[in-house]
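Chain and residue survey
The lines below spell out each chain.
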Amino acid sequence: LELQPADMSMAGQLLFGPLITAPTCGAKATACARLVDQATASSGAFASPAAVALPFGSMLRSMDEATQAELHAAIADAQVAEGDSLDAACARLQTAARSARAPEPALRAAAAMLQSNSLAVRSSANVEDLAGMSAAGLYDSFLNVPADRPDVVAERIGEVWASLFTRRAVLARRAAGVPQASAAMAVLLQPLVHGVASFIMMTANPITGDRGECYIEMAEGLGETLASGGTRGAPWRFAVREDGGVATLAEGTMAKALVAAPGGGLAEAAADGSLAGAVLADPAAREDMVRRIAVAGRALPPAGGG
């Protein structure tokens, strides 16, 4: 992907459905919004949680003029600073970002639209997966945020905005030749899906290059168990052929899973089969589940244009 200038004309609004676009909300938010449409068209192959986005420019719209001026000055410093000076510039940027507060009435409206007690508050930047720059794990997202606590939702949104300005993120953009002033962050709000197991799927096998095979990794617990990279052990790994044949490439060895904690946030639980039950423990149920996942995956490329 190439860097796309952030369109801030919708700043401060709540966007949903076709109003969520890459220029205003980033590729991740747009993909999630389109996934809702694709799920509807999949004839029941899969479901997808609804999405509401705070578009690019909403962080600036939530700041007073003095804080905006400080942010712009710190961005200019971060463009060239090194060592301790860079750390200081990043600290100033993150302080400014955390001070911005999305309006609580808007967050209450978002929670009402999403009809969920707990939310996923997700980053969606215009500086992700660019040529020469992978942003995997670069920006922060938060799971199981209490929807009935708009003050907490606002804090998490501030943390997402602040993650645009970590030292690691600034240096990644610098290495890719991306100007710091061009980086923008939108925030995607979705209902948290309390899954007993989670998966990552690629619709072409990355090991063999076979486009006729889906490659799936699966583990007990929420998706963060797999995506965070912080859980010890390895997930289950499968390859699923177009004819439905399933090859188990590796059995899972993760001893812990991440689950929703009471009151918000995540907690560790034993990945001993008690969460997912037969989904992973029973061979027939396990193979049936990965076949269904593969069917959903194969429904996506035509909807996404190939």
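Quantities reported herein were computed from a predicted structural model and do not represent experimental measurements.

Some thoughts on the overall build of the chain
Within the chain one finds 10 helices and 11 strands. Its C-alpha atoms give the chain a radius of gyration of 20 Å, within 12% of the compact-globule value 19 Å for 306 residues. Once the C-alpha set of the chain is aligned to its principal axes, its extents read approximately 60 × 40 × 35 Å. For the chain, contacts bridging at least 24 residues in sequence account for 66% of all contacts bridging at least 6. Surface accessibility of the chain: about 14400 Å² in total, with carbon and sulfur atoms responsible for 54%. One finds the centroid of the 23 positive side-chain charges in the chain at a distance of 1 Å from the centroid of its 31 negative side-chain charges.

A closer look at the side chain of Thr-231
Tracing the chain through its elements places Thr-231 in the loop between α8 (224-227) and β8 (236-241). In this structure Thr-231 comes out as buried when scored by relative accessible area, which is 15%. Once residues lying within four places of it in the same chain are set aside, the contact partners of Thr-231 are Thr-225, Met-254, Lys-256 and Leu-258.

Some details on the sheet that holds strand β4 (residues 142-146)
Pairing in this open sheet of five strands is antiparallel, and the strands run β1-β2-β5-β3-β4 from one edge to the other. The two strands at the open ends of the sheet, each matched to only one other strand, are β1 (15-16) and β4. Here strand β2 (residues 52-54) pairs with strand β5 (residues 185-191) via three bridges, running antiparallel. The residue of β5 that forms the bridge with Val-52 is Leu-189. Here helix α1 (residues 22-40) sits on the sheet and contacts β1, β2, β3 (118-125) and β5; the angle it forms with β3, its principal contact strand, is near 130°. Packing against the sheet, helix α6 (residues 150-162) makes contact with β2, β3, β4 and β5, and its axis sits at approximately 160° to β4.

Focus: the pairing of strand β10 (residues 256-260)
Note: β10 against strand β11 (residues 266-270), five bridges, orientation antiparallel. The residue bridging Leu-258 from the neighbouring strand is Glu-268, located in β11. Between β10 and β11, which pair antiparallel in sequence order, lie five residues; one of them, Gly-263, sits at a positive phi of approximately 90°.

Quick word on the packing of aromatic side chains
Under the defined criterion, the tally for this structure stands at one aromatic pair. Aromatic side chains Trp-236 and Phe-238 sit 6.0 Å apart centroid to centroid with 5° between the ring planes, which places their arrangement in the stacked category. The exposure class assigned to Trp-236 is buried, which follows from its relative accessible area of 14%. The ring of Phe-142 has Arg-156 sitting right over it, with the charged end atom 5.7 Å from the ring centre.

What counts and what doesn't
- Residues numbered from 1 in each chain as written.
- Predicted model: local features only at pLDDT ≥ 70, side-chain atom pairs only at ≥ 80, totals over all residues.
- Heavy atoms only, no water.
- Helix = DSSP H or I, 4+ residues; strand = E, 2+ residues; numbered from the N terminus.
- Rg over C-alpha atoms; globule rule 2.2 N^0.38 Å.
- Contact = heavy atoms within 4.5 Å.
- Areas by Shrake-Rupley, 256 points an atom, 1.4 Å probe, with all protein chains shown as cover.
- Lys, Arg positive; Asp, Glu negative; His and termini not counted.
- Charge placed at Lys NZ, Arg CZ, Asp CG, Glu CD.
- Buried < 20%, exposed > 50% of the residue type's maximum accessible area, 1.4 Å probe, protein only.
- Pairing = 2+ DSSP bridges.
- Axes fitted to C-alpha atoms, helices over the stretch in contact; angles between N-to-C directions.
- Phe/Tyr/Trp six-rings, centres within 6.5 Å; stacked < 30°, edge-to-face > 60°.
- Lys NZ or Arg CZ within 6 Å of the ring centre and 35° of its normal.

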